[in-house]
Amino acid sequence: MTVVNPHPPGTREAIEHELTGRHPSTVHVARYFAYAHLPTHLQGFSQPFCRDALVMIRDLPDGPELTAGLRKLLEAKDCFVRAALDREA
């Protein structure tokens, strides 16, 4: 039986709900992929990274390589969001 996520998509709560039972370091990094708090025009740059992070977490075991990969993906996401902000300036 599938449990429906009661939290709005893109929120930290929704991401943490998806990761119930995962290693604390995986959950800690994954929550930074939340995008619902961003202005709408920036959510489109951040959302694909959240989706990809969740796919990796679902398909790979917890461990140092998953955590390192998530951190690098997070760095890339941050760079692209900042680039979008620079475009506005």
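Residues numbered from 1 in each chain as written. Predicted model: local features only at pLDDT ≥ 70, side-chain atom pairs only at ≥ 80, totals over all residues. Heavy atoms only, no water.

## As for the overall build of the protein
Rules: The helix and strand labels rest on DSSP assignments: H or I over at least four residues marks a helix, E over at least two residues marks a strand, and numbering proceeds from the N terminus. Computation of the radius of gyration draws on C-alpha atoms, with the globule rule given as 2.2 Å multiplied by the number of residues to the power 0.38. Three labels apply to residues, based on accessible area from a 1.4 Å probe with only protein chains included: buried if under 20% of the type maximum, exposed if over 50%, partly exposed otherwise in between. Here a residue-residue contact requires only that any non-hydrogen atoms of the pair lie within 4.5 Å. Surface accessibility follows the Shrake-Rupley procedure with a 1.4 Å probe radius. Residue values consider only the protein chains on display as shielding. In this tally Asp and Glu are treated as negative and Lys and Arg as positive; neither His nor the chain ends contributes. The location of each charge is read from NZ of Lys, CZ of Arg, CG of Asp or CD of Glu.
Regarding its fold elements, the protein presents four helices and zero strands. Going residue by residue from the N terminus, the α and β elements of the protein occur as α-α-α-α. Taking 89 residues into account, the globule formula puts the C-alpha radius of gyration at 12 Å, and the protein, at 13 Å, falls close to it. Over its C-alpha atoms, taken along the principal directions, the protein stretches across nearly 45 × 30 × 15 Å. The 89 residues of the protein split such that 31% are buried. Long-range contacts, defined as pairs at least 24 residues apart, comprise 55% of the intrachain contacts of the protein with a sequence gap of at least 6. Working note: accessible area of the protein is about 5800 Å², and carbon and sulfur atoms make up 60% of it. Separation of charge centres in the protein, based on 10 positive and 11 negative side chains, amounts to 1 Å.

## Focus: the packing of aromatic side chains
We apply this condition: Only Phe, Tyr and Trp rings take part, Trp by its six-membered ring, and two of them pair if their centres are within 6.5 Å. Stacked means planes under 30 degrees apart, edge-to-face means over 60, and tilted covers everything else.
Tallied over the full model, the rule gives one aromatic pair. A centroid spacing of 5.7 Å and a plane angle of 25° characterise the contact between F49 and F80, whose relative ring orientation is stacked. Taken together, the residues F49 in helix α3 (residues 40-59) and F80 in helix α4 (residues 64-88) connect sequence positions 31 residues apart. Residue F80 is classed as partly exposed on the basis of its relative accessible area of 47%.

## Points about α4
The cut-off we apply is this: A helix is expected to span 1.5 Å multiplied by its residue count minus one.
In this model, α4 (25 residues) spans 37 Å end to end at C-alpha, consistent with the 36 Å of a helix rising 1.5 Å per residue. Those residues of α4 not exposed but buried are L66, T67, L70, L74, K77, V81 and A84. Among the structural elements, α2 (24-30) and α3 are those in contact with the buried residues of α4.

## Some points on the environment of P9
Assignment of secondary structure puts P9 in the segment before α1 (12-18). Distance in space between the C-alpha atoms of P9 and G44 is 13 Å, their sequence separation being 35 residues. If we skip the residues at most four places from it in the chain, P9 touches A14, Y35 and A36.

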